[in-house]
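# A look at the structure
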Amino acid sequence: LMRTSYATADELDFMPMDEFQKRQFLLRQDDWEGYRQPLPPVKQGDISDPNYFDFMSYCQYATIAAGMRDGRVVFEELIDANGTSVVVAR
């Protein structure tokens with residue numbers, strides 16, 4: 001489900017996916033402590049733990065929703081670690 005959602009967001013081209021990755025990472029960092037505190041022990045990175053899976057799903061869909069609200073028609077997207085970018089237009 002998470003891979004399909006990511007692939008669909010990428011296919012819809014409403015935001016650069018390098019920006020999506022950055023936004024999602026920052027959201028995970030900002031919200032992790034507040035999310036895990038009221039739960040039984042949950043280990044960050046253990047996607048087989050339903051509580052962590054729920055957290056990751058929340059982060060992904062919150063990032064997708066924010067990206068859709070600010071959707072762009074034309075943008076540059078980084079495609080590799082060397083800084084190569086392409087112009088994406090939908």
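Residues numbered from 1 in each chain as written. Predicted model: local features only at pLDDT ≥ 70, side-chain atom pairs only at ≥ 80, totals over all residues. Heavy atoms only, no water.

### Section: the nonpolar core
Counting eight residues, the largest nonpolar core is built from M2, L27, W32, V42, Y52, F55, M56 and C59. Among the elements of the structure, α2 (17-36) and α3 (50-69) are those that each provide at least two residues to this core. Tallying contributions element by element places α3 first for this core, with four residues. When near neighbours in sequence (up to four residues on either side) are disregarded, M2 contacts F53, M56, S57 and Q60. Formed by six residues, the second largest nonpolar core is a distinct cluster that contains A9, F14, M15 and F20. (Core = buried A, V, L, I, M, F, W, Y, C linked by side-chain atoms within 4.5 Å. Buried < 20%, exposed > 50% of the residue type's maximum accessible area, 1.4 Å probe, protein only. Helix = DSSP H or I, 4+ residues; strand = E, 2+ residues; numbered from the N terminus. Contact = heavy atoms within 4.5 Å.)

### As for the environment of Q21
Take Q21: it is sitting in helix α2. For Q21, a relative accessible area of 40% puts it in the partly exposed group. Through-space distance from the C-alpha of Q21 to that of T63 is 8.8 Å; in sequence the pair is 42 residues apart.

### As for helix α1 (residues 2-12)
Since the α-helix advances by 3.6 residues per turn, residues separated by three or four positions end up pointing in the same direction. Of all the residues in α1, the buried ones are M2, S5 and A9. The buried residues of α1 occupy an angular sector of 65 degrees when projected down its axis, which confines them to one face. Away from its buried face by more than 90 degrees, α1 exposes R3, T4 and E11. Tucked into the core, α1 has its buried residues touching α2 and α3. Note on α1: the residue one or two positions beyond its end, D13, has a positive phi of about 55 degrees. (Arc of directions from axis to C-beta.)

### Focus: the pattern of salt bridges
The final tally for this structure, using the stated rule, is four salt bridges. Here E19 ties to R72 by a salt bridge, and the two come within 2.4 Å at their closest N and O atoms. Of this pair, E19 sits in helix α2 while R72 sits in the loop between α3 and β1 (74-78), and the two are 53 residues apart along the sequence. A relative accessible area of 31% means that R72 is categorised as partly exposed. Two residues, R23 and D70, come together in a salt bridge whose shortest N-O distance is 3.9 Å. In this pair, R23 sits in helix α2 while D70 sits in the loop between α3 and β1, placing the two residues 47 residues apart along the sequence. Residue class for R23 comes out partly exposed when judged on its relative accessible area of 29%. (Salt bridge = Lys/Arg side-chain N within 4 Å of Asp/Glu carboxyl O.)

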